[in-house]
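Summary of the model geometry
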There are 2 protein chains.
Amino acid sequence: MVNYQERLGRTFFALVDPTRRAMLARLERSDGASISELARPFAIGLPAVLKHLDVLTEAGLIIRAKSGRTVTVRLRPQPMREAMDWLRRYERFWSNSLDRLTAYAESMEAEARKKGR
Amino acid sequence: MVNYQERLGRTFFALVDPTRRAMLARLERSDGASISELARPFAIGLPAVLKHLDVLTEAGLIIRAKSGRTVTVRLRPQPMREAMDWLRRYERFWSNSLDRLTAYAESMEAEARKKGR
C-alpha cells in the first residue's frame, strides 16, 4: 500500500513533464488509445514514450490493457482528485482577491454614481 | 517570461516533495514565517531547507523579504491556481461517477418503495 503523501508525490511527479500532461489531455478527450496513437504528436522515440507511460502507470493515472497484439491505454484520473483536493485549500487566496476586486469595482461604481448626480 | 507549460511544470515539480508541500501548508495556516520556523518540523539541515525554498521561489510559490537580519517567507499561491485549473478538466470523471452512484441509489430506493407497497 502506498500512503497518501507518497501517492500525492507520484501524481505531481507524473504531471511535471509536458509530454505526459499532453498524453493525459489526449486521453481526456477520447479515452482508450493505442501506444502509437499516443506517441504520434511527439518527436520522441518509442523508448521515451514507453518510459513516460511507465511513470503514468506508476502514478496510477493510466491502465494498459493488452488484447492480442494491441495495447490500449486508458485514463484513470482518480489520483488527480487527491491532488486537486490538496490544492483546493489555497483556493481561498484567489477567491479572496476576487472578492476584494469586486468590492473595489462596486465602490468605484458607487463613487461614479454619486458624481453623476 | 516563462510560458504556461513551463510554469505548470515548475509548479508541479515544486509540489512533488512532501517537505515542500508541508512548508506550503505551514504558510497557508499562517502566512509569514522565518526560515528557522519553517525548518523546525523537519529533520533536515539548513542547506537542504534553503534548497527547498529555492525550488519554491523558482516556482513563484513563495517570496522572501529581508528585514535586517531576518528573512520572512510569504506564500504566493497564484501559480497553484493554474495547476488547479489544469486538473479541473478531469473533475467530470469523478463527478460523473458520483452522478452514477446517485442514480443507482435512487433506483434502489424506488425499487424498495415498490416492494414496500
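Residues numbered from 1 in each chain as written. Chains lettered and ligands numbered in written order. Predicted model: local features only at pLDDT ≥ 70, side-chain atom pairs only at ≥ 80, totals over all residues. Heavy atoms only, no water.

**Notes on the overall build of chain A**
From N to C terminus, chain A includes six helices and three strands. Per-residue burial over chain A gives 35% buried out of 117 residues. (Helix = DSSP H or I, 4+ residues; strand = E, 2+ residues; numbered from the N terminus. Buried < 20%, exposed > 50% of the residue type's maximum accessible area, 1.4 Å probe, protein only.)

**Observations regarding the relation of the copies chain A and chain B**
Under the fitted operation, chain A is carried onto chain B by 0.1 Å of movement along the axis and a turn of 180°, and the coordinates agree to an RMSD of 0.2 Å. Viewed as a symmetry operation, the transformation between the two copies matches a two-fold axis. Using C-alpha coordinates, one finds that chain A approaches the rotation axis most closely at Phe12(A), a distance of 2.7 Å. (Least-squares fit on C-alpha atoms with pLDDT ≥ 70 in both.)

**Describing the interface of chain A and chain B**
Contact with chain A, which involves 27 residues of that partner, is made by 27 residues of chain B. Of the roughly 3,000 Å² buried between chain A and chain B, counting both surfaces, carbon and sulfur atoms make up 70%. At the junction of chain A and chain B, the tally comes to four salt bridges. Connecting chain A to chain B are 10 residue pairs in polar contact (both at pLDDT 80 or more). Breaking the side of chain A that touches chain B down by element, the ones donating at least two residues are α1 (4-16), α2 (18-29), α5 (78-88) and α6 (91-116) of chain A. When its residues are assigned to classes, the side of chain A that touches chain B shows 18 nonpolar, two polar and seven charged. (Contact = heavy atoms within 4.5 Å. Buried area = accessible area lost by both parts, 1.4 Å probe. Salt bridge = Lys/Arg side-chain N within 4 Å of Asp/Glu carboxyl O. Polar contact = N/O pair within 3.5 Å; in protein donor to acceptor, adjacent residues only side chain to side chain. Nonpolar A, V, L, I, M, F, W, Y, C, P; charged D, E, K, R; others polar.)

**Things to note about the sheet that holds strand β1 (residues 33-34) of chain B**
Residues and elements named next belong to chain B. If you trace the three strands from one edge of the open sheet to the other, you get β1-β3-β2, paired in antiparallel fashion. Looking at which strands have only one partner, the edges of the open sheet turn out to be β1 and β2 (62-67). Sheet topology places β2 next to strand β3 (residues 70-75); six bridges connect them, and they run antiparallel. By the bridge assignment, arginine 64 is partnered in β3 with valine 73. Across the sheet, helix α2 (residues 18-29) is in contact with β1, β2 and β3; its angle to β3 comes to roughly 90°. (Pairing = 2+ DSSP bridges. Axes fitted to C-alpha atoms, helices over the stretch in contact; angles between N-to-C directions.)

**Section: the nonpolar core**
Leu24(A) and Leu24(B) are the most contacted members of the largest nonpolar core, which has 60 residues in total. Not counting the four nearest positions on each side in its chain, Leu24(A) is found in contact with Leu15(A), Leu56(A), Leu61(A), Ile62(A), Leu75(A), Met80(A), Trp86(B) and Tyr90(B). (Core = buried A, V, L, I, M, F, W, Y, C linked by side-chain atoms within 4.5 Å.)

**A short note on the sheet that holds strand β3 (residues 70-75) of chain A**
Residues and elements named next belong to chain A. The antiparallel open sheet is built from three strands, whose spatial order is β1-β3-β2. Sheet topology places β1 (33-34) and β2 (62-67) at the edges, where each strand pairs with a single neighbour. Examined bridge by bridge, β1 and β3 share two bridges and lie antiparallel to one another. Within the sheet, the bridge partner assigned to serine 34 lies in β3 and is threonine 72.

**Re α5(A)**
Restricting attention to buried positions, one finds in α5(A) the residues Pro79(A), Met80(A), Ala83(A), Met84(A), Trp86(A) and Leu87(A). Here the buried residues of α5(A) occupy an arc of 155° about the axis, which is enough to place them on one side. (Arc of directions from axis to C-beta.)

**A closer look at the confidence of the model for chain A**
Residues shown with low pLDDT carry predicted positions that ought not to be read at fine detail. Residue and element names in this part refer to chain A. In the predicted model, chain A carries a mean pLDDT of 88, and the fraction of residues at 70 or more is 87%. Least confident of the elements in chain A is α6, whose mean pLDDT is 70; most confident is α1, at 97. Prediction confidence for the complex, expressed as pTM and ipTM, is 0.81 and 0.81 respectively. (pLDDT = per-residue confidence, 0-100.)

**Observations regarding the environment of Met84(B)**
Within the secondary structure, Met84(B) is located in helix α5 (residues 78-88). According to the relative accessible area criterion, Met84(B) is buried, its value standing at 0%. Along the backbone, Met84(B) and Leu8(B) are 76 residues apart, and their C-alpha atoms lie at a distance of 9.9 Å. Excluding its chain neighbours within four sequence positions, the residues that come into contact with Met84(B) are Met84(A), Leu87(A), Arg88(A), Glu91(A) and Trp94(A).

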